[in-house]
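Below, each chain spelled out in residue letters.
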Amino acid sequence: MRALIRILTTLIGVAVAVVGALTVIEVLWAWWRPASAPLWIPWPQWLDQASTLTWQGTGPRVTAALVALAGLLLVLLSAAARRHHLALHDPAPDVTVTTSSRSLARVVGHRVRAETGVRSASVTATRAHVTVRVAAAPTDGDDTLRARLLEIVRDLVDDLPLREKPRVTVTIDSSRERRERHPEPSGSRPAAPGLRPGS
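Residues numbered from 1 in each chain as written. Predicted model: local features only at pLDDT ≥ 70, side-chain atom pairs only at ≥ 80, totals over all residues. Heavy atoms only, no water.

**Student:** Would you mind showing me how to read the packing of aromatic side chains here?
**Tutor:** Pairs of aromatic rings are described using the distance from one ring centre to the other and the angle between the two planes. Overall, the coordinates contain one aromatic pair when judged by the stated rule. Seen from their ring centres, Trp-29 and Trp-32 are 5.5 Å apart, and the 85° between their planes marks the pair as edge-to-face. Of this pair, Trp-29 and Trp-32 both sit in helix 1 (residues 2-32), three residues apart, roughly one helical turn. Taking relative accessible area as the criterion, Trp-32 reaches 58% and is therefore assigned exposed. (Phe/Tyr/Trp six-rings, centres within 6.5 Å; stacked < 30°, edge-to-face > 60°. Helix = DSSP H or I, 4+ residues; strand = E, 2+ residues; numbered from the N terminus. Buried < 20%, exposed > 50% of the residue type's maximum accessible area, 1.4 Å probe, protein only.)

Shown next as structure tokens:
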């Protein structure tokens, strides 16, 4: 969401800069050669058309509604893209300490990936929930690994000075489940011992 906000603000900034540059060019051209104005933008025709509009007309009302809707959409996007801070216990009076959900997910992910039997892991964290999804090595039992990781993550979260302890969920993506979702092509299987391809 924050990436979308950056893209929108960049586009809006570029559009405002272009409009401002064109306005300056048209003003300078009108001062220099009033008889040949406008240069690019037909602003005299726009002024004539605008003089015939009233607030009771359909055009101004539709335009105002679209501008208000666009502004409301930008406000909602900005509110949704705000940083989600997690409150920590204050180390001293008048001192407030917070951390981000991304930092919590990074700490948990680093600890989980260091465990034996974990090939890869993805972690999402919020104020109420920490979700860990692990791709297990083929040699590890899923039940044993899940229970071990669940205890490790819970102990890690309990050791952190968070005011509110989030719930922890650990999901194991076993090698068999990955093979069922992404089966190997039949032509990529090795030939049986003693048989040559095409025999």
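**Student:** Explain a negative patch on the surface to me, please; I cannot follow it from the model alone.
**Tutor:** Residues Glu-151, Asp-155, Asp-158 and Asp-159 make up a contiguous surface patch of negative charge. Turning to its location among the elements, Glu-151 is positioned in helix 5 (residues 142-159). (Patch = residues over 30% accessible without salt bridge, like charges linked within 9 Å, V, L, I, M, F, W, Y side chains within 5 Å. Areas by Shrake-Rupley, 256 points an atom, 1.4 Å probe, with all protein chains shown as cover. Salt bridge = Lys/Arg side-chain N within 4 Å of Asp/Glu carboxyl O. Lys, Arg positive; Asp, Glu negative; His and termini not counted. Charge placed at Lys NZ, Arg CZ, Asp CG, Glu CD.)

**Student:** In this structure, what is going on with the nonpolar core? I would like to understand it.
**Tutor:** One broad rule of soluble globular proteins: the nonpolar side chains tend to lie buried together. Membership of the largest hydrophobic core comes to 24 residues, with the highest contact counts inside it found for Val-108, Val-112, Val-132, Val-134 and Leu-149. Those elements that place two or more of their residues in this core are helix 4 (101-113), strand 3 (118-125), strand 4 (129-136), helix 5 and strand 5 (167-173). Sorting elements by how many residues they give to this core places helix 5 first, with six residues. Excluding its chain neighbours within four sequence positions, the residues that come into contact with Val-108 are Val-123, Val-130, Val-132, Val-153 and Leu-156. (Core = buried A, V, L, I, M, F, W, Y, C linked by side-chain atoms within 4.5 Å. Contact = heavy atoms within 4.5 Å.)

**Student:** Any chance you could explain the sheet that holds strand 4 here in plain terms?
**Tutor:** Each strand in a sheet pairs with another by means of backbone hydrogen bonds, the pair being arranged parallel or else antiparallel. Pairing within the open sheet is mixed, and its three strands lie in the order 3-4-5. Across the chains shown, the open sheet's two edge strands, defined by having one partner strand only, are strand 3 and strand 5. In this sheet, adjacent strand axes meet at a mean angle of 15° when their direction is disregarded. Each of strand 3 and strand 4 touches helix 4; the most contacted strand, strand 3, lies at about 160° to it. (Pairing = 2+ DSSP bridges. Axes fitted to C-alpha atoms, helices over the stretch in contact; angles between N-to-C directions.)

**Student:** In this structure, what is going on with the pairing of strand 4? I would like to understand it.
**Tutor:** Two faces, one strand: in a regular strand the side chains alternate between the faces of the sheet. Two strands pair when backbone bridges link them, and strand 3 and strand 4 are joined in this way by seven bridges, in the antiparallel orientation. Each bridged residue has a counterpart across the sheet, and for Ser-122 the counterpart in strand 4 is Arg-133. Hairpin connection of strand 3 to strand 4: three residues between the antiparallel strands. Where strand 4 lies against strand 5, seven bridges are found, and the strand directions are parallel.

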